[in-house]
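Observations on the model geometry
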Amino acid sequence: MPLIATSRYKAPPFYMFNEHWETVIPSLFFKVRDELYTRDRIELTDGDFIDVDWVRNGSNKCMVLSHGLEGDANRYYMKRSAKYFAELGWDIAAWNCRSCSGEMNRLPRFYHHGDTPDLHTVVKSVLEKGYQEVFLMGYSMGGSMVLKYLGEQTRPAEIIGAAVFSVPCNLRDSALQLRVPKNRFYEQRFLKKLIAKIKIKAEQHPDRVDASKVDELHDFDEFHDRYTAPLHGFTSKEDFFDQATCDQYLHVIDRPVLIVNAANDPMLGEKCYPYEAAEKSNSVFLEVPAKGGHVGFTLKRKGPSYIEQRTYQFLKEQFGH
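Figured I'd write up the structure that's included with this text. (Residues numbered from 1 in each chain as written. Predicted model: local features only at pLDDT ≥ 70, side-chain atom pairs only at ≥ 80, totals over all residues. Heavy atoms only, no water.)

This paragraph deals with the overall build of the chain. The helix and strand tally for the chain stands at 10 helices and nine strands. Its C-alpha atoms give the chain a radius of gyration of 19 Å, near enough to 20 Å, the size a compact globule of 321 residues would have. For the chain, the exposed area adds up to about 13700 Å²; of that, 50% sits on carbon and sulfur atoms. Once the 42 positive and 44 negative side-chain charges of the chain are each reduced to a mean point, those two points are 5 Å apart. (Helix = DSSP H or I, 4+ residues; strand = E, 2+ residues; numbered from the N terminus. Rg over C-alpha atoms; globule rule 2.2 N^0.38 Å. Areas by Shrake-Rupley, 256 points an atom, 1.4 Å probe, with all protein chains shown as cover. Lys, Arg positive; Asp, Glu negative; His and termini not counted. Charge placed at Lys NZ, Arg CZ, Asp CG, Glu CD.)

This is the structure in structure tokens:
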């Protein structure tokens with residue numbers, strides 16, 4: 001019953017007054033200015049590509065980092081984790097979803113919360129380099145991908161486990177939470193970025209992508225029905241929610257996985273906290289701090305956040321390092 005009753009994360013700094021400050025301040029103001037990465041490009045069999053940003057230490061263990069919606073390998077949380085674990089001796093593979101690496105991808109499609117084939121391609125490429133241990137980290141959407149990926153089928157033994165943070169474990173419930181008036185800011189911010197990409201896609205592929213009236217889209221429901229579903233092989237937004245949501249796979253995950261979702265996360269609804277799955281599982285550890293916001297978990301001193309510290313603790317507890 002790996003339900004963690006008491007979280008070690010107690011409170012953010014005093015100036016983060018509520019869940020919105022806990023979410024927004026790190027996103028806007030926290031930067032890791034170190035030049036960490038070298039980039040490799042994976043050419044895909046469908047004619048597209050994925051860019052992977054590496055930190056190489058010559059280690060026999062590698063950490064694969066998966067970013068959130070409209071993020072990339074240079075987001076503060078990705079670089080912060082990359083820097084922290086690279087300094088502990090890990091090699092780092094921070095991958096960018098299609099369209100997120102600074103160069104638009106080639107095909108009409110881009111990515112979504114359940115896009116595990118692309119994650120599989122990245123992990124397969126990492127494993128081919130001979131690493132003895134591979135650990136997965138995911139943030140928000142990236143965490144959703146990681147959990148779905150681990151639950152879909154038995155994965156190679158070299159993939160020892162995962163730690164994921166601020167995960168929309170139930171996609172429909174998360175979408176409903178974003179429609180609450182006080183949370184609409186986040187939805188609209190994401191939507192603005194996605195609409196800009198659709199306009200580029202329409203120029204690239206006018207026969208497949210219609211950007212007329214795209215500026216009139218009001219919410220994710222309309223965006224998913226018009227673009228996410230048809231561009232990625234789903235029949236509707238409901239079909240997308242049903243197939244892409246990761247909570248349906250938690251009961252079959254067969255290696256240690258830590259899920260940390262703050263109780264005050266403005267982007268997560270009630271069903272995004274899989275208490276029952278954790279209580280019944282021998283592998284899925286659920287921790288629900290009272291505070292933390294969305295991909296926040298800021299500590300009072302400078303340096304790593306609770307995300308890095310908790311992942312390090314989990315690695316020590318489960319694997320001895």
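Having seen it, we continue.
Applying the stated criterion across every chain, the model contains 30 salt bridges. Salt-bridge contacts for glutamate 152 lead to lysine 148; the nearest nitrogen and oxygen are separated by 2.5 Å. Residue glutamate 152 and its partner lysine 148 are both found in helix α4 (residues 141–152); the two are separated by four residues, about one turn of the helix. One network of salt bridges, with partners in common, ties together Asp46, Asp48, Arg98, Arg109, Asp115 and Asp118. (Salt bridge = Lys/Arg side-chain N within 4 Å of Asp/Glu carboxyl O.)

What follows is about unusual backbone geometry. In this model, serine 166 sits at a positive phi of 55 degrees, which is unusual for a non-glycine residue. For serine 166, the location among the structural elements is in the loop between β7 (159–165) and α5 (171–178). Backbone geometry places valine 295, a non-glycine residue, at a positive phi of 50 degrees. Here valine 295 lies in the loop between β9 (284–287) and α10 (306–319). For valine 295, a relative accessible area of 4% gives the class buried. (Buried < 20%, exposed > 50% of the residue type's maximum accessible area, 1.4 Å probe, protein only.)

Another aspect to go through is α5. Buried within α5 we find Leu171, Asp173, Ser174, Ala175 and Leu178. For α5, the secondary structure elements touched by its buried residues are α6 (184–204), α7 (220–231) and α8 (237–244). Two or three places before arginine 172, at the opening of α5, asparagine 170 has a side-chain oxygen 3.3 Å from that residue's backbone nitrogen. (Contact = heavy atoms within 4.5 Å. Polar contact = N/O pair within 3.5 Å; in protein donor to acceptor, adjacent residues only side chain to side chain.)

Along the chain, serine 27 turns up in helix α1 (residues 19–29). For serine 27, the side chain forms a polar contact with the side chain of arginine 75, separated by 2.9 Å. With residues near it in sequence (within four places) discarded, serine 27 still touches Arg75, Tyr76 and Arg189.

This paragraph deals with the environment of alanine 244. Position of alanine 244 among the secondary structure elements: in helix α8. Here alanine 244 falls in the buried class, since its relative accessible area comes to 1%. Separated by 128 residues in sequence, alanine 244 and threonine 116 place their C-alpha atoms 9.1 Å apart. Among residues more than four places away in sequence, those in contact with alanine 244 are His112, Gly114, Ser144, Lys148 and Leu171.

For the rest of this paragraph, the subject is the pairing of strand β3 (residues 49–55). Burial analysis of β3 places seven of its seven residues in the buried class, which makes it a mostly covered element. Burial of the side chains of β3 extends over both faces: Phe49, Asp51, Asp53 and Val55 are buried on one face and Ile50, Val52 and Trp54 on the other. Pairing of strand β2 (residues 38–43) with β3 involves six bridges; the strand directions are antiparallel. Bridge pairing in β3 places aspartate 40 opposite valine 52. Between the end of β2 and the start of β3, which pair antiparallel, lie five residues, with glycine 47 showing a positive phi angle near 95 degrees. As paired elements, β3 and strand β5 (residues 91–96) share five bridges and run antiparallel to each other. Bridge pairing in β5 places aspartate 51 opposite asparagine 96. (Pairing = 2+ DSSP bridges.)

Most of β7 is tucked away: seven of the seven residues are buried. In terms of strand pairing, strand β6 (residues 133–139) meets β7 through six bridges, oriented parallel. By the bridge assignment for β7, leucine 136 is matched with alanine 162. The parallel pair β6 and β7 is bridged by α4, and the resulting crossover is right-handed. Alignment of β7 against strand β8 (residues 257–260), held across four bridges, turns out to be parallel. Paired with valine 164 across the strands is isoleucine 259, a residue of β8. (Right-handed = clockwise from strand over helix to strand, strands pointing away.)

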